[in-house]
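What follows is each chain in one-letter form.
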Amino acid sequence: MSFAPLQNDTFLRACGRLSTTHTPVWLMRQAGRYLPEYRETRARAGSFMGLATNTDYATEVTLQPLERYSLDAAILFSDILTVPDAMGLGLSFALGEGPRFASPVRDEAAINALRVPDLDKLRYVFDAVTSIRRALNGRVPLIGFSGSPWTLACYMVEGAGSDDYRLVKTMLYSRPDLMHRMLEINADAVAAYLNAQIDAGAQAVMIFDSWGGVLADGAFQQFSLAYTARVLAQLKRGHAGVAVPRIVFTKGGGMWLQEMGQLDCDVLGLDWTVNLARARAQVGDRKALQGNLDPNVLFAAPEQIESEVHVVLDSFGQPHTGPGTGPSQIFNLGHGISQHTPPDHVKVLVDAVHSYSRALRAAPSA
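Fair warning: this is a prediction, and the values are worked out from it, not measured in the lab. (Residues numbered from 1 in each chain as written. Predicted model: local features only at pLDDT ≥ 70, side-chain atom pairs only at ≥ 80, totals over all residues. Heavy atoms only, no water.)

Caption draft 1: Structural detail: the sheet that holds strand 9 (residues 267–269). With respect to topology, 7 strands assemble into an open sheet ordered 1-4-5-8-9-10-11, the strand pairing being parallel. The sheet terminates laterally at strand 1 (74–75) and strand 11 (329–330), the two strands that pair on one side only. Here 5 bridges tie strand 5 (residues 204–209) to strand 8 (residues 246–250), and the two strands are oriented parallel to one another. Of the residues in strand 8, the one forming a bridge with Asp209 is Thr250. Strands strand 5 and strand 8 of the sheet are contacted by helix 11 (residues 219–234), whose axis makes an angle of about 165° with strand 5. (Pairing = 2+ DSSP bridges. Helix = DSSP H or I, 4+ residues; strand = E, 2+ residues; numbered from the N terminus. Contact = heavy atoms within 4.5 Å. Axes fitted to C-alpha atoms, helices over the stretch in contact; angles between N-to-C directions.)

Okay, structure coming up:
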């Protein structure tokens, strides 16, 4: 399988802590409901899963934000819960609602029945990766992704999103043996799933630990961090002689940055509660950092958006220039973009990141 040569490698260079001419920017959920063209395509598809499981539709919506904005990476259009769906839990999405499983996993028998799924059941994802990579034609790199083992377990036990995580935490505290069994299966499934995305053409992969931050200190290390590490230990480091960076994002994970800095990954994603300068001091320059503008900044006036972009870039500090490796940042939001975001405000954000980060590199070091 061959693809067009990459024209803009800024994102991949930043993942590798190499110097770049500007700070690369992409947005979590950049292909989504805030774009009118996405809503029109989703209406044609008939449902979210109709969109995600159709190669042509998934390709179309992945590329839509790149037609509007000068983003430095594309991210596969899919969902974090495709793996448990392939395990037979029955994933569905009602319009305007979050994901829901028809068959939650809540007892020992259900957990004993769990298996790493047949990857052929996820063929639609891998076909979409290859199709998107071809359609990009080398414009920017393509990021593949999955939910983390713990985040998948939250949805698998709760059956949907949750305000208090009562069911999954009840299992965690009352039957930790069952929780560990589920997390082992999830970790091995996520690793196989991401490796298949790499084989299909993903040029970087990201693990979304969206609910790691709901855990108590101690429980996070045991039930989330350890299984993210288990995934990373199994991931391919490259494909066809080219390195494939690995990104880990834990929403609410700021207090564990020191420990997350020990993970075998290339990039740590940070939510908007984390101070980038302090994160850089804690992690050192072993990892690139990704983030971390509050998504609600995008509802402010354009001049306010530009100002907050400057704050985030200034907080990270002077980027690495010249040969070798050094501190690098990938600009992103601290979580997914809101469906209510004005599309024109996203252009203000992207353009501000590019222009101000170029100016920072041109400025003499203190």
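Caption draft 2: Broad picture of the state of the cysteines. For the structure on display, the rule yields 0 disulfides. Cys15 takes part in no disulfide bond, and the closest cysteine sulfur, belonging to Cys265, lies 10 Å away. What makes Cys265 buried here is its relative accessible area of 5%. (Disulfide = S-S within 2.5 Å. Buried < 20%, exposed > 50% of the residue type's maximum accessible area, 1.4 Å probe, protein only.)

Caption draft 3: Local environment of unusual backbone geometry. Between Gly291 and the following residue, Asn292, the backbone shows a cis peptide bond with an omega angle of 0°. Among the structural elements, Asn292 can be located in the loop between strand 10 (288–290) and helix 14 (302–316). In the Ramachandran plot, Ala240 falls in the positive-phi region, its phi being about 55° despite a non-glycine side chain. Within the element layout of this structure, Ala240 appears in the loop between strand 6 (238–239) and strand 7 (242–243).

Caption draft 4: Focus on the layout of surface pockets. For the largest pocket, the calculated volume is near 1000 Å³. Lining of the largest pocket is provided by 36 residues; of these, Arg29, Arg33, Phe48, Asp79 and Phe93 occupy positions nearest its centre. Volume-wise, the second largest pocket comes out at about 420 Å³. Taken together, 21 residues make up the lining of the second largest pocket; nearest its centre are Arg133, Gln203, His239, Val242 and Ala243. Elements that contribute at least two residues to the lining of the second largest pocket include exactly helix 1 (10–15), helix 10 (176–200) and strand 7. (1 Å grid on protein atoms, 1.4 Å probe; cavity = no way out; pocket = protein on both sides within 12 Å on 5 of 7 lines; lining within 4 Å. Points joined across faces, edges and corners; volume = space filled by probe spheres on them.)

Caption draft 5: Geometry of the environment of Cys154. Along the polypeptide, Cys154 turns up in helix 8 (residues 149–158). With relative accessibility at 1%, the residue Cys154 sits in the buried group. Placed 168 residues apart in sequence, Cys154 and Gly322 show a C-alpha to C-alpha distance of 44 Å.

Caption draft 6: Broad picture of the packing of aromatic side chains. What the rule picks out here adds up to 9 aromatic pairs. Look at Tyr165 and Trp211: their rings are 5.7 Å apart centre to centre, the planes differ by 50°, and that puts the pair in the tilted class. Of this pair, Tyr165 sits in the loop between helix 8 and helix 9 (166–174) while Trp211 sits in the loop between strand 5 and helix 11; the two residues are 46 residues apart in sequence, bridging distant segments of the chain. Ring geometry for Phe220 against Trp256: centres 4.0 Å apart, planes inclined by 5°, an arrangement best described as stacked. With Phe220 in helix 11 and Trp256 in the loop between strand 8 and helix 12 (257–260), the pair connects residues that are 36 residues apart, well separated along the chain. Here Phe220 and Trp256 have matching classes, each one buried. Linked through ring pairs, Tyr38, Phe48, Phe77 and Phe93 together constitute an aromatic cluster. Note that Arg280 overlies the ring of Phe316, its terminal NZ or CZ placed 4.7 Å from the centroid. (Phe/Tyr/Trp six-rings, centres within 6.5 Å; stacked < 30°, edge-to-face > 60°. Lys NZ or Arg CZ within 6 Å of the ring centre and 35° of its normal.)

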